[in-house]
Amino acid sequence: SPHPMTAATAFPSGPITRVEGRGVAVCGDDIDTDRIIPARFLKCVTFEALGPAAFADDRAELATSTKGPHPFDLPAHSGASILVVNRNFGCGSSREHAPQALMRWGIRAVIGESFAEIFFGNCLALGIPCLSVDHATALAIQAAIAADPQLALQVDVPALTLSAVNDPGRSWPLDLAQGPRQMLSSGQWDATGQLLANRPQLDLK
């Protein structure tokens, strides 16, 4: 049955109607997949160790900068599960390692102004909803996270809303095409899960 996903749960499976957790904002347009997971990490045999490498070069650069640590390195954002970004997130090469790295860091949903098509599809295949907002809404959500990094948020996929868990009246509208929304809500995105659920019908006797 549909269930809320949080960073504490295992990797996504089955229907995904809600994602709950704290937010982390990574600001800037055109953040490409090479920034999300640098090319040197593509030599891995499995995706298992990619989580700590998410945004590795950006994090290393900011660690020695007066601009301060990268959001992924701030203790206040440890365990965050909802990533809030800006325009054209995930552009560049089509490496599936990018959403894999984000998922293994703990991200379970991405909210942004727009997404590169292949990145969007790779996230959908992992059960990570990528929901769209306009520019003003993206800035408002990022500001809310900056003001209170402990703010508990809930993404409601069927209702297309992001709301504060303890203040449902504080919410923002989201957008997601009907096709991906149906795939997430019904569990159709989870091809392996569907095969296992229908194993009796698939067994040849």
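All values reported here derive from a predicted model rather than from experimental measurement. (Residues numbered from 1 in each chain as written. Predicted model: local features only at pLDDT ≥ 70, side-chain atom pairs only at ≥ 80, totals over all residues. Heavy atoms only, no water.)

Colleague: So what exactly am I meant to see when it comes to the overall build of the chain here?
Modeller: Regarding its fold elements, the chain presents eight helices and eight strands. Taking all contacts inside the chain whose residues are at least 6 apart in sequence as the whole, residues at least 24 apart take part in 67%. Accessible surface for the chain amounts to roughly 9,900 Å². Of this, 55% is attributable to carbon and sulfur atoms. (Helix = DSSP H or I, 4+ residues; strand = E, 2+ residues; numbered from the N terminus. Contact = heavy atoms within 4.5 Å. Areas by Shrake-Rupley, 256 points an atom, 1.4 Å probe, with all protein chains shown as cover.)

Colleague: What am I meant to see in the packing of helix 3 (residues 97-105) against helix 4 (residues 117-125) here?
Modeller: Between two packed helices, the angle of one axis relative to the other and the distance separating the axes together describe the packing. Closest axis-to-axis distance for the helix 3/helix 4 pair is 9 Å, and the angle between their directions is 50°. It follows that helix 3 is oblique to helix 4 by the angle criterion. Between helix 3 and helix 4 the crossing geometry is right-handed. Across the interface between the two elements, Ala98, Pro99 and Leu102 of helix 3 pack against Phe119, Asn122 and Cys123 of helix 4. Class assignment for the residues of the contact of helix 3 with helix 4 results in five nonpolar, one polar and no charged. (Axes fitted to C-alpha atoms, helices over the stretch in contact; angles between N-to-C directions. Parallel < 35°, antiparallel > 145°, perpendicular 65-115°, else oblique. Left-handed = near helix turned anticlockwise from the far one by under 90°. Nonpolar A, V, L, I, M, F, W, Y, C, P; charged D, E, K, R; others polar.)

Colleague: Is there a simple way to explain the nonpolar core in this structure?
Modeller: For soluble globular proteins, nonpolar side chains are generally found buried alongside one another. Phe55, Phe72, Leu83, Phe89, Leu102, Val110 and Phe119 are the most contacted members of the largest nonpolar core, which has 29 residues in total. Of all elements in the fold, only helix 3 and helix 4 reach the threshold of two or more residues within this core. Broken down by element, the residue count for this core peaks at five residues, all from helix 3. Each residue touching phenylalanine 89, except ones within four places of it in the same chain, is listed here: Ile31, Ile36, Phe55, Leu83, Leu102, Val110, Ser114, Phe115, Ala116 and Phe119. With 25 residues, the next largest nonpolar core counts Leu124, Leu131, Leu151 and Leu176 among its residues. (Core = buried A, V, L, I, M, F, W, Y, C linked by side-chain atoms within 4.5 Å. Buried < 20%, exposed > 50% of the residue type's maximum accessible area, 1.4 Å probe, protein only.)

Colleague: I'm lost on the packing of aromatic side chains in this one. Help?
Modeller: Working definition: an aromatic ring pair is given by the centre-to-centre distance plus the angle between the planes. Enumeration over the complete set of coordinates arrives at three aromatic pairs. Between phenylalanine 72 and tryptophan 105 the ring centres are 3.8 Å apart and the planes differ by 25°, which places this aromatic pair in the stacked class. Highlighted residues: phenylalanine 72 in the loop between helix 2 (56-63) and strand 3 (82-84) and tryptophan 105 in helix 3, separated in sequence by 33 residues. The two residues phenylalanine 72 and tryptophan 105 agree in class, both being buried. Their ring planes at 85° and their centres at 5.3 Å tell us that phenylalanine 89 and phenylalanine 119 sit as a pair that is edge-to-face. Taken as a pair, phenylalanine 89 in the loop between strand 3 and helix 3 and phenylalanine 119 in helix 4 lie far apart in primary sequence, 30 residues in all. (Phe/Tyr/Trp six-rings, centres within 6.5 Å; stacked < 30°, edge-to-face > 60°.)

Colleague: What am I meant to see in the pairing of strand 7 (residues 161-164) here?
Modeller: Each regular strand displays side chains that alternate between the two surfaces of the sheet. As paired elements, strand 6 (residues 152-156) and strand 7 share four bridges and run antiparallel to each other. If you follow leucine 153 over to strand 7, its bridge partner there is alanine 164. In the sheet, strand 7 pairs with strand 8 (residues 167-173) via four bridges, with the strands oriented antiparallel. Each residue of the ladder has a partner; that of threonine 161, found in strand 8, is proline 173. (Pairing = 2+ DSSP bridges.)

Colleague: Would you take a moment to explain helix 3 for this structure?
Modeller: What sets the pattern is the α-helix's 3.6 residues per turn: residues three or four places apart point alike. Counting buried positions along helix 3 yields eight of nine residues, so the element is predominantly enclosed. Among the residues of helix 3, His97, Ala98, Pro99, Gln100, Ala101, Leu102, Met103 and Trp105 are the ones counted as buried. At its buried positions, helix 3 is contacted by strand 2 (16-25), helix 1 (33-36), helix 2, strand 3 and helix 4. Positive backbone phi, at 130°, marks glycine 106, one or two positions downstream of helix 3.

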